[in-house]
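Structure assessment
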Amino acid sequence: AFEVLVIGGGPAGASAAIYTARKGFSTGIAAERFGGQVLDTMGIENFISVPYTEGPKLAAQLESHVGEYDIDVMNLQTAKKLVPAERAGDYHQVEMENGAVLKARSVILSTGARWRNLGVPGEQDYRNKGVAYCPHCDGPLFKGKRVAVIGGGNSGVEAAIDLAGIVGHVTLFEFDSKLRADEVLQDKLRLMPNVDIHLNAQTTEITGDGERVNGLIYKDRESGDERKVALEGVFVQIGLVPNTEWLRDSGLALSQHGEIEIDHKAASNLPGVFAAGDVTTVPYKQIIIAMGEGSKAALSAFDYLIRNAAP
Ligand code: FAD
């Protein structure tokens, strides 16, 4: 049994585990894939004080920093069920896919999120080679170039507005016959001189030259015609899905999008259960934010344990 069990080994979980270990608490961290989304990232230019790094390098540094402390790292382990403690100070239980049951007085959930994929040919082949998911992260890599944004909800339209100020030209593709973003955002987008909007447009393929993206093929759902557009980048903005499917029956409060609802101290509705990073309702999914939130959740767990658990 642990005093603190962290589920998820991305930036949020690594940060949380280091902070609780530094408080002298016995700490375990279980992760399906230590490193999280960072492992899928190439260049990182907005991790402040580190002007440039790459995902696999940062993931290895997270692991070695965690390794500096007496933390029980359980990599390649997937949690499948949370059974919360009945009373404050008692043990929570986390059931793992491998049959193990881990117990802890406090649990920090940091299972992150995943970008919803389009699922069209070319998307996986050109991931990080022109196919991108995060405008805050990768927008500046397309300075002066032509890009597409797929998705006309708030995140797609925000991304298009953001990118239009950086890149040469933006084409926004929406499957539906209308944009779903807030009117004020749509109005702003329509006023931008270097933006085209295609409605009723089903993206069917992302094309490339073998090295990098060179275009996109879409079907005009009204006429049935297939059209090709030449461009250098494609930002997929059709949703970020929190990894909370396994928490549905735990009594944990989730938002309508499935994110864990937390307060300003990273506390969930279940006493002793905290959450941090992309899996939560905290806006703006970024490495630096996930790390900050992880440390906050850890300090809140500390606060909870000194009040509720026997020494
Ligand atoms: P994640 O990184 O998603 O980590 C979640 C962890 O939980 C993983 O270890 C996962 O294996 C584990 N897990 C999930 N489910 C379970 C389970 N049931 N049981 C056990 N473990 C589980 N942000 C930036 O700031 N700058 C960038 O340049 C940047 N570029 C990006 C590029 C790409 C392609 C992507 C996808 C994201 C990028 N981001 C970037 C966003 C950034 O990676 C995330 O905001 C950050 O990783 C979130 O950290 P996290 O710890 O909350 O979650």
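Residues numbered from 1 in each chain as written. Predicted model: local features only at pLDDT ≥ 70, side-chain atom pairs only at ≥ 80, totals over all residues.

The name given to the protein in an unreviewed UniProt entry is Thioredoxin reductase, with the source organism recorded as Alteraurantiacibacter aquimixticola. Recorded under Sequence similarities (unreviewed entry), the UniProt text for the protein is reproduced unchanged: "Belongs to the class-II pyridine nucleotide-disulfide oxidoreductase family." Quoted verbatim from the Subunit (unreviewed entry) field of UniProt, the annotation for the protein is "Homodimer." (UniProt positions renumbered as here; feature names shortened; annotations may be inferred.)

Further remarks concern the site of the ligand. Within the structure, the ligand sits among 39 residues, and G8, G10, G36, G112 and G277 are positioned closest to it. Elements with a contribution of two residues or more to the shell around the ligand: helix 1 (11-22), strand 2 (27-31), strand 9 (113-115) and helix 6 (287-308). Along the lines of polarity and charge, the residues of the shell around the ligand split into 19 nonpolar, 15 polar and 5 charged. (Near = placed C-beta within 6 Å. Helix = DSSP H or I, 4+ residues; strand = E, 2+ residues; numbered from the N terminus. Nonpolar A, V, L, I, M, F, W, Y, C, P; charged D, E, K, R; others polar.)

As summarised here, the arrangement of the 5 strands in space is 10-17-11-12-13, forming an open sheet in which the pairing is parallel. The sheet is open, and its two borders are formed by strand 10 (131-132) and strand 13 (195-198), each paired with just one other strand. For strand 11 (residues 146-150) and strand 17 (residues 233-236), the ladder comprises 4 bridges, and the chain directions are parallel. Bridging across to strand 17, V147 finds its partner in G233. (Pairing = 2+ DSSP bridges.)

What follows deals with the domain arrangement of the protein. We note that the domain assignment places domain 1 (2-114 + 240-308) and domain 2 (117-236) within the protein. For domain 1 versus domain 2, the distance between C-alpha centres works out to 32 Å. (Domains from an automatic or database assignment.)

The topology assignment puts V38 in the loop between strand 2 and strand 3 (43-44). Through-space distance from the C-alpha of V38 to that of E54 is 8.4 Å; in sequence the pair is 16 residues apart. In this structure V38 touches G10, P11, G55, L58, A59 and I287, once residues within four positions along its chain are discounted. (Contact = placed C-beta atoms within 7 Å.)

This part is about the sheet that holds strand 14 (residues 201-208). Strand order in the open sheet made by the 3 strands is 14-15-16, with antiparallel pairing throughout. Single-partner strands in this sheet number two, and they are strand 14 and strand 16 (226-230). Direction aside, the axes of adjacent strands within the sheet are offset by 25° on average. The sheet contact formed by strand 15 (residues 213-220) and strand 16 spans 5 bridges and is antiparallel. Within strand 16, the position partnered with L216 by the bridge is V229. (Axes fitted to C-alpha atoms, helices over the stretch in contact; angles between N-to-C directions.)

Turning next to the environment of V6. Within the secondary structure layout, V6 lies in strand 1 (residues 2-7). The exposure class of V6 is buried, given the 38 C-beta atoms found within 10 Å. Sequence spacing of V6 and G277 is 271 residues, and the spatial spacing of their C-alpha atoms is 12 Å. Beyond its immediate stretch of four places on either side in the chain, V6 contacts G13, A16, A17, T27, I29, I108 and S110. (Buried ≥ 20, exposed ≤ 12 C-beta atoms within 10 Å, placed from the backbone.)

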